Amino acid sequence: MNIELELDGKNGVFELMDEQNKAVGELTFILKEEQMIINHTGVNPDLRGQGLAEKLVLEAVDYARKNKLKIIPFCSYVSVYVGKHPEVQDVI
């Protein structure tokens, strides 16, 4: 599986693509000044429990670091994730 980034102005989405190039997960966000407001993370229910949502979050963290952005986690999954992982606090 790979992750693709789509940007449309200030709106963005990281899509998790399966081997058939079908989207099976997504993390959506809005860019505002130096902030990346993450508002949704979701993975196909049949694929949950495999760490795929975490891969999406880590892709967003990497993007935020590269672009000097601070993440604002409006998504409950991301909010819980960053609370449990001190290694990503530099972008919060």
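Calculation criteria
Residues numbered from 1 in each chain as written. Predicted model: local features only at pLDDT ≥ 70, side-chain atom pairs only at ≥ 80, totals over all residues. Heavy atoms only, no water. Pairing = 2+ DSSP bridges. Helix = DSSP H or I, 4+ residues; strand = E, 2+ residues; numbered from the N terminus. Right-handed = clockwise from strand over helix to strand, strands pointing away. Phe/Tyr/Trp six-rings, centres within 6.5 Å; stacked < 30°, edge-to-face > 60°. Buried < 20%, exposed > 50% of the residue type's maximum accessible area, 1.4 Å probe, protein only. Contact = heavy atoms within 4.5 Å. Core = buried A, V, L, I, M, F, W, Y, C linked by side-chain atoms within 4.5 Å.

Draft legend 1. Quick look at the pairing of strand S5 (residues 70–73). Relative to S5, strand S4 (residues 35–43) runs parallel, the two being bridged by four bridges. Bridged to Ile38 within S5 is Pro73. In the classification by handedness, the crossover that spans S4, the intervening helix H1 (residues 52–66) and the parallel S5 is right-handed.

Draft legend 2. Just the packing of aromatic side chains, in detail. Per the stated rule, a full pass over the model turns up four aromatic pairs. When the centroid spacing of 5.9 Å and the interplanar angle of 45° are considered together, the rings of Phe29 and Tyr63 count as tilted. Pair noted here: Phe29 is in strand S3 (residues 23–32) and Tyr63 is in helix H1, with a separation of 34 residues, a long-range link. Take Phe29: its relative accessible area is 1%, and that puts it in the buried class. With relative accessibility at 16%, the residue Tyr63 sits in the buried group.

Draft legend 3. Region of interest: the side chain of Glu15. Along the chain, Glu15 falls in strand S2 (residues 11–17). When neighbours within four sequence positions are excluded, Glu15 is seen to be in contact with Asn2, Ile3, Glu4, Glu6, Ala23, Gly25, Glu26 and Leu56.

Draft legend 4. Inspection of the nonpolar core at higher detail. Formed by 26 residues in total, the largest nonpolar core has its most connected members in Phe14, Leu27, Phe29, Met36, Ile38, Ile71 and Val78. Only S2, S3, S4, H1 and helix H2 (76–84) provide two or more residues apiece to this core. When residues in this core are grouped by element, the largest group, eight residues, is from H1. Among all residues touching Ile38, those that are not within four sequence positions of it are Leu27, Thr28, Phe29, Ala60, Ile71, Ile72, Pro73, Phe74, Cys75 and Val78.

Draft legend 5. Region of interest: the side chain of Thr41. With respect to the helices and strands, Thr41 occurs in strand S4. Those residues in contact with Thr41 that lie beyond four places of it in its chain are Glu26, Leu27, Ala53, Leu56, Cys75, Tyr77 and Val78.

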